[in-house]
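# Overview (structure and organization)
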Amino acid sequence: MNKSKIFLLSLTFLFLLSGSVYGEEPEVSYVQFKLFQTRNIHNTLRLNTVTGEIVQIQNNGLKFLVTLPLSPNDGIERYSLHKTKNMWTYILLDETKGKLWQCQFSVKEGDDSRFCLSINSSSLSSTTIRKFSIQPLTSMFQYYLINQLNGEMWMFQWSTKDEDGYRWIKKQ
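Because the structure is a prediction, the values reported are computed rather than measured. Along each chain, numbering runs from 1 in the same order as the chain's sequence is written. With the structure being a predicted model, the display of local features is reserved for residues of pLDDT at least 70 and the display and counting of side-chain atom pairs for 80 or more, all residues being used for whole-chain, interface and lining totals. Only hydrogens and water are set aside when side-chain values are computed; all heavy atoms of the structure are taken into account.

## A closer look at the sheet that holds strand E3 (residues 54-58)
The pairing of strands in a sheet comes from backbone hydrogen bonds and takes either a parallel or an antiparallel form. A pair of strands is treated as paired once DSSP finds two or more bridges between them. A run of H or I in DSSP becomes a helix once it reaches four residues, and a run of E becomes a strand once it reaches two; helices and strands are each numbered from the N terminus. Pairing is antiparallel across the open sheet formed by four strands, whose spatial order is E1-E2-E3-E4. Edge positions in the sheet fall to strand E1 (33-37) and strand E4 (63-67), since each has one partner strand and no second. Pairwise comparison of adjacent strand axes, ignoring direction, gives a mean angle of 25° for this sheet. For helices, the fitted line uses only the C-alpha atoms of the stretch in contact; every axis is such a line through C-alpha atoms, and the angle between N-to-C directions lies from 0 to 180 degrees.

Encoded structure:
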């Protein structure tokens, strides 16, 4: 073999070892999309854990937007989705800021039956550390929001009623 062929083979071998392929997606160290099977067997919710966007996906292929993105796509996995005892309602939590939303999906036609309503629109933290979690209370409508780093707690409530005063959060 001549030197130019050996050189080309060496370069090809190094290229393959490096894993650098043109157009290859960058490695992601977080899970950007999570699927949640609802208690309605024909529906799945897809959560974008970075932006907070929720899409309802039906078995027949139809997709419905439950909520628009709440945050920019900054690469910080911050959102989690939590079932409630109501099969149509989930709690969306920003684990870095402590913000909460009541999100509902539906099998009915129309956008009015799918929504996300703010329970707590105020940031309780300014860091990007995932530190907030929720725990249900005896009432199906009430939960604790807990800062896992310092033990601070808030009680909050979601509701199926549209009137003011039924969705709230209080520091404990």
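Having seen the structure, we can now continue with the description.
## Regarding the pattern of salt bridges
Two side chains of opposite charge can pair, provided their charged atoms sit close to one another. Here, a salt bridge means any side-chain nitrogen of Lys or Arg that lies within 4 Å of a carboxyl oxygen of Asp or Glu. Summed over all chains, the structure comprises six salt bridges. One salt bridge connects Arg78 with Asp74, and the closest N-O pair in it is separated by 3.3 Å. Residue classification places Arg78 among the buried positions, given a relative accessible area of 7%. In this structure, Lys171 and Glu152 form a salt bridge, with 2.8 Å as the shortest nitrogen-oxygen distance. You can see Lys171 sitting in strand E12 (residues 168-171) and its partner Glu152 sitting in the loop between strand E10 (142-147) and strand E11 (153-157), a full 19 residues away along the chain. Accessibility here uses a 1.4 Å probe with only protein chains present; expressed as a share of the type maximum, an area under 20% marks a residue as buried, one over 50% as exposed, and anything in between as partly exposed. Judged by relative accessible area, which is 48%, Lys171 ranks as partly exposed.

## Description of the confidence of the model for the chain
The pLDDT value tells you how sure the predictor is about a given residue, anywhere from 0 up to 100. Averaged over all residues, the pLDDT of the chain equals 87, while 83% of them reach at least 70. Whether two residues are in contact is decided by their heavy atoms, any of which lying within 4.5 Å being enough. In the model, residues 13-17 has pLDDT below 50 throughout and makes two contacts with residues more than four positions away in sequence or in other chains.

## Focus on the packing of aromatic side chains
Planes of paired rings set the category: under 30 degrees apart is stacked, over 60 is edge-to-face and the rest tilted, where pairs are Phe, Tyr or Trp rings (Trp by its six-membered ring) whose centres lie within 6.5 Å. As enumerated under the stated definition, the model contains six aromatic pairs in all. An aromatic cluster is built from Trp88, Tyr90 and Phe105, whose rings are joined through pairwise contacts.

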